[in-house]
Amino acid sequence: MTDTRRRVKVYALNIERQWDDRGTGHVSSSYIDRHKGFSLLVRAESDGSLLLESKIQPDTAYQKQQDTLIVWSEGDNFDLALSFQEKAGCDEIWSKICEVQGKDPSVEITQDIVEESEDERFDEMADADPPVELPPCEISRLEEISDIVGGYLGTPLRKKRLATAIDAEGYIRKLLNLFHMCEDLENMEGLHCLYEIFKNIFLLNMNSIFEVMFSDDLIFDVVGCLEYDPSSPTPKRHRHYLKTTAKFKEVIPIANPELVAKIHQTYRVQYIQDVVLPTPSVFEDNMLPTLSSFIFFNKVEIVTLIQEDEKFLNDLFSQLTSESTPELKRRDLILFLKEFCNFSQNLQAQGKESFFKTVSTLGILNALEISLSSDDVQTKTASIDILTSLVEFSPSIVREHTLQQSSTLDEELILLNVIIEQMIYDTDPELGRAVQLMGVLRILIDPENMLASTNKTEKTDFLNYFYKHSIHVLIAPLLANTVDNHPAKDDYQTVQLLGLILELLSFCVEHHTYHIKNCILNKDLLRRVLVLMKSNHTFLVLCALRFMRKIIALKDEFYNRYIMKGNLFSPVIDAFIRNNGRYNLLDSAIIEMFEFIKLEDVKTLCAHIIEGYGKVLDEVDYVQTFKALKVRYNHQEKLKEREKASLDGVPSILRTNRYRRDHRQMDDEEEMWFNEEDDFDDGEAIVAAGEKLTSELESLGKALEKKSEGCSGKLLAGANAKSPIINNNSGITGASQLSPAQGDIKCAALFKKALVDYDGDSDEEEEEEGSELLSPTKRARFS
């Protein structure tokens, strides 16, 4: 047996009975020594990796479907399929499989997996030889035919024999001729029998029979048979719906008749599966997998055929992107595009990427900018569905398109702002479309799925663009509703919208630390958000509180100063007091926020809360949070007093890190330096720092001069202002440069003794500190 190679897609049936793409490659049939037999091998066309290696077992049942499919099962719950690009390749591999199993290649199934017990298998083999004899197709024999068909559903082998007999005798067409006769005669008994017969024929689960029943000339008759359910008092009207209500709209002429036929067939079979047949729970194990795979591969073929028709796609998108297209025509085009995108979900990942790149190149986003703003609800809803599919698969495509619009002068035309405005002005009372668009926007601004490359950083570029051109559009409703320190509107739809906006802003606080911080501080956004704490809708109050909680969780001193300076805990305390101790979610959320401040020991906020609201919170005794906050605050104040007493009289140049209260707190001089540092440029800052250091060293020298009357003048010369502190080569010099001469050990000891008198620490610590101050490698610290 020689190797053959054909292009195929590999599919596997998952636990949800849906086909998953495993990749595209080339299949061959080769003898594998370790398997001691022939195997099917599929190697990926992209990198040559092995996608599939499956030994052709002599007892495995292989099925050939639709001329380009080979389906089989490995194990109890693992089904595989090969979808060939060409019929010739499928026929050749099928011949190899049949040759290994000793079967005639003309069959469409090699054999069935028999799962019965040994006794049942023996009984089956005993009567396996006689072929199935079907009675003549006559109205008087319909009940007998129904009994025979129903009696052969017990085992896979019996079903196969019955299916072979039905297929060989052209029995489907004969039964449908009887159906026309019974309808003409209004023979309800015969029609009920035909319903049972065709329901059981579906249970045979044979693709060859499906292809006969779903052909253009027979499918409506099959649907007609299934209208006469004996349990229903009146017949259904499925044919009427398919022929009149569900008419196919060819919005753009399709030149390929094969494509048109495939679209019709797929829609009708989907309708049979979803509507006509009984509930899936009855048929799921026996029928739905084969019927689902029939529909699945039809959809893959439809997408492939449309993608290959360049003229059709160009006509479609040229009309979609034209502003002169009539509204009704645009609706039909968008609905077609939506179905096209839905069918593309059946493609494998590589096929999906190719599909979305194709439609993006043709201008799908330009078309959506127009259709999203449409007044027609169907057009708008379908456009949102298309945008959601595109963003969920590849948000980078939308971001790249948005960044290319940076030169657009009119911000209202930017796709990102179109999305936000459609979210804000959603007319749905429940804001269903707004919720969907909020999800789209959240994906687009999520840094976790943003790409970074050598030449371009998507995260930086897109976030800069978003905060420059779009954030003001997003927060506009919030700012407009909080002008007078009280919510201007408090109706359900408004608070629902504000809740969505706050959810997005909370996401931004958590993931966009730098950009959103500038926005909050410049727009005084937290103050405006906390106005919503006065809303009558508790969920909006909780949204506002959650926004503040996200900010506090960052433990950022910029935010903490902003909160303290604006006294922004007041709205929270007011809401807490209004709640009056009721045991509800609001009470728990507020207490949890203060508990976080206590546990994380955010000293600045702790002091601010106790100093500003201590008297009010002292009355809350059903939790220990506020008492613990006060204890922590009192302890902190005692430490401050102790440090202040120990630092009295010590020049700031000599204060080391051990005198600091906390690494997050700044001394008064540092605070002043921080606040004033923007008043001069970098060069002026260095000069000012040097002058300050020089002044302090001069005062230190005078103090030491009094203590060291017998000392040589070398030390005082180093501390004198005439000895330059600003050095052109080394900048601000350390304390080691106080004495240019390095030889007077006695003076150095006396200098150390002066430090002992100021510090009052142990001798060993003072020894270390004195050596540090005299070390030529140490720099003076700002205190």
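Residues numbered from 1 in each chain as written. Predicted model: local features only at pLDDT ≥ 70, side-chain atom pairs only at ≥ 80, totals over all residues. Heavy atoms only, no water.

**Quick word on a negative patch on the surface**
A cluster of like negative charges, contributed by Asp67, Glu108, Asp167 and Glu211, occupies part of the molecular surface. Examined against the element boundaries, aspartate 67 turns out to sit in the loop between strand E5 (62–65) and strand E6 (69–73). Of the residues examined, aspartate 67 reaches a relative accessible area of 41% and is grouped as partly exposed. (Patch = residues over 30% accessible without salt bridge, like charges linked within 9 Å, V, L, I, M, F, W, Y side chains within 5 Å. Areas by Shrake-Rupley, 256 points an atom, 1.4 Å probe, with all protein chains shown as cover. Salt bridge = Lys/Arg side-chain N within 4 Å of Asp/Glu carboxyl O. Lys, Arg positive; Asp, Glu negative; His and termini not counted. Charge placed at Lys NZ, Arg CZ, Asp CG, Glu CD. Helix = DSSP H or I, 4+ residues; strand = E, 2+ residues; numbered from the N terminus. Buried < 20%, exposed > 50% of the residue type's maximum accessible area, 1.4 Å probe, protein only.)

**Concerning unusual backbone geometry**
The phi dihedral of asparagine 485 is positive, around 60 degrees, even though this residue is not glycine. Locating asparagine 485 in the fold gives a position in the loop between helix H22 (471–480) and helix H23 (492–511). Overall, asparagine 485 belongs to the partly exposed group, its relative accessible area being 49%. Here the phi dihedral of asparagine 580 falls at roughly 60 degrees; this positive angle occurs in a residue that is not glycine. In this structure, asparagine 580 sits in the loop between helix H28 (570–579) and helix H29 (585–599). By relative accessible area, which is 62% here, asparagine 580 ends up exposed.

**Regarding the packing of H23 against helix H26 (residues 538–553)**
Packing of H23 against H26 brings their axes to within 9 Å, and their N-to-C directions diverge by 10 degrees. Classified by the interaxial angle, the pair formed by H23 and H26 is roughly parallel. For the crossing formed where H23 meets H26, the hand is left-handed. On the side of H23, the interface is formed by Val495, Gln496, Leu498, Gly499, Leu502, Leu505, Ser506, Val509 and Glu510, while H26 contributes Phe539, Leu540, Cys543, Ala544, Arg546, Phe547, Lys550 and Ile551. Taken together, the residues of the contact of H23 with H26 sort by class into eleven nonpolar, three polar and three charged. (Axes fitted to C-alpha atoms, helices over the stretch in contact; angles between N-to-C directions. Parallel < 35°, antiparallel > 145°, perpendicular 65-115°, else oblique. Left-handed = near helix turned anticlockwise from the far one by under 90°. Contact = heavy atoms within 4.5 Å. Nonpolar A, V, L, I, M, F, W, Y, C, P; charged D, E, K, R; others polar.)

**Here we look at the packing of aromatic side chains**
The final tally for this structure, using the stated rule, is 20 aromatic pairs. Between the aromatic rings of tyrosine 241 and tyrosine 271, the centroid separation amounts to 5.3 Å while the plane-to-plane angle is 15 degrees, which identifies the pairing as stacked. Placement of tyrosine 241 in helix H9 (residues 238–245) and of tyrosine 271 in helix H10 (residues 257–276) is noted, with a sequence separation of 30 residues between them. For tyrosine 241, a relative accessible area of 32% translates into the label partly exposed. Of the residues examined, tyrosine 271 reaches a relative accessible area of 12% and is grouped as buried. Taken together, the ring pairs in this structure connect Phe312, Phe336, Phe340, Phe355, Phe356 and Phe393 into an aromatic cluster. Just above the ring of phenylalanine 220 sits the side chain of lysine 243; from NZ or CZ to the centre is 5.0 Å. The ring of tyrosine 559 has lysine 517 lying over it, and the distance from NZ or CZ to the ring centre is 5.9 Å. (Phe/Tyr/Trp six-rings, centres within 6.5 Å; stacked < 30°, edge-to-face > 60°. Lys NZ or Arg CZ within 6 Å of the ring centre and 35° of its normal.)

**So, helix H17 (residues 377–393)**
The terminal C-alpha atoms of H17, which comprises 17 residues, lie 25 Å apart, in line with the 24 Å expected from a rise of 1.5 Å per residue. Those residues of H17 lying buried are Thr379, Lys380, Ala382, Ser383, Ile384, Ile386, Leu387, Thr388, Ser389, Leu390 and Val391. Its buried side turned inward, H17 meets helix H14 (327–344), helix H15 (349–362), helix H16 (364–371), helix H18 (395–403), helix H19 (415–424) and helix H20 (432–444). (Expected span 1.5 Å × (residues − 1).)

**Here we look at the nonpolar core**
Ranked by internal contacts, the top residues of the largest apolar core, which has 135 residues, are Leu474, Leu505, Ile520, Leu526, Phe569, Phe594 and Ile597. Residue contributions to this core peak at eleven residues, all from H23. Beyond its immediate chain neighbours, meaning those up to four positions away, leucine 474 contacts Ile420, Met423, Leu441, Phe466, Ile501, Leu504 and Leu505. Membership of the second largest hydrophobic core comes to 50 residues, among which are Val132, Ala165, Cys182 and Met206. (Core = buried A, V, L, I, M, F, W, Y, C linked by side-chain atoms within 4.5 Å.)

**Concerning the sheet that holds strand E7 (residues 79–84)**
Taken together, seven strands build an open sheet; the order of strands is E4-E3-E2-E1-E7-E6-E5 and the sheet is antiparallel. Strands with a single pairing partner mark the edges of an open sheet, and in this sheet they are strand E4 (50–55) and E5. Pairwise comparison of adjacent strand axes, ignoring direction, gives a mean angle of 30 degrees for this sheet. With five bridges connecting them, strand E1 (residues 6–13) and E7 associate as antiparallel partners. Following the sheet pairing, tyrosine 11 is matched in E7 by alanine 81. Sheet strands in contact with helix H1 (residues 87–101) are E1, strand E2 (19–32), strand E3 (37–44), E5, E6 and E7, and its direction is about 155 degrees off that of E5. (Pairing = 2+ DSSP bridges.)

**Let's talk about the pairing of E3**
With six of eight residues buried, E3 lies mostly within the body of the structure. Strand direction decides the pairing type here: E2 and E3, joined by eight bridges, are antiparallel. The partner of tyrosine 31 across the bridge, within E3, is phenylalanine 38. The loop that links E2 with its antiparallel partner E3 comprises four residues; one of these, lysine 36, has a positive phi angle of about 55 degrees. Note: E3 against E4, five bridges, orientation antiparallel. Paired with leucine 40 across the bridge in E4 is serine 54. As consecutive antiparallel partners, E3 and E4 are separated by five residues, and within that stretch glycine 48 has a phi angle of approximately 80 degrees, a positive value.

**Regarding the packing of helix H24 (residues 513–523) against helix H27 (residues 557–565)**
The interhelical angle for the contact between H24 and H27, taken along N-to-C directions, is 15 degrees, at an axis separation of 11 Å. Classed by the angle they form, the pair H24 and H27 counts as roughly parallel. Crossing of H24 against H27: the hand is left-handed. Counting all contacts with H24, which are made through Thr513, Ile516, Lys517, Ile520 and Leu521, the residues of H27 involved are Phe558, Tyr559 and Tyr562. Here the contact of H24 with H27 is built from residues that sort into six nonpolar, one polar and one charged.

**Here we look at the side chain of aspartate 556**
Counting through the fold element by element, aspartate 556 comes out in the loop between H26 and H27. Among the polar contacts made by the side chain of aspartate 556, one reaches the main-chain amide nitrogen of phenylalanine 558 at a distance of 2.8 Å. (Polar contact = N/O pair within 3.5 Å; in protein donor to acceptor, adjacent residues only side chain to side chain.)

**Description of H27**
Listed in full, the buried residues belonging to H27 are Tyr559, Asn560, Tyr562 and Ile563. Mapping the buried residues of H27 onto a view down its axis gives an arc of 160 degrees, with all of them on the same face. Looking at the buried positions of H27, the neighbouring elements they touch are H24, helix H25 (525–530), H26 and helix H30 (603–617). Capping the start of H27, aspartate 556 holds a side-chain oxygen 2.8 Å from the backbone nitrogen of phenylalanine 558, two or three residues further along. (Arc of directions from axis to C-beta.)

**Some thoughts on the pattern of salt bridges**
Between side chains of opposite charge, a pair can form as their charged atoms come close. All told, the structure shown has 25 salt bridges when counted by the stated rule. Across the salt bridge formed by lysine 64 and aspartate 91, the nearest N and O atoms sit 2.6 Å from each other. Residue lysine 64 is found in strand E5, and its partner aspartate 91 is found in helix H1; the two are separated by 27 residues along the sequence. Assessed through its relative accessible area of 23%, aspartate 91 is described here as partly exposed. Across the pair lysine 311 and aspartate 315 runs a salt bridge whose closest N-O atoms are separated by 3.1 Å. With lysine 311 and aspartate 315 both in helix H13 (residues 310–320) and four residues apart, the pair spans about one turn of that helix. Given the relative accessible area of 27%, aspartate 315 is considered partly exposed. One network of salt bridges, with partners in common, ties together Lys64, Lys87 and Asp91.

**Concerning the confidence of the model for the protein**
Any residue range with low pLDDT should be treated as having predicted coordinates unsuitable for detailed reading. Looking at the protein, pLDDT values average 79 and 76% of them are 70 or higher. Per-residue pLDDT stays below 50 along residues 657–689; that stretch engages in 46 contacts with residues further than four places along the chain or on separate chains. (pLDDT = per-residue confidence, 0-100.)

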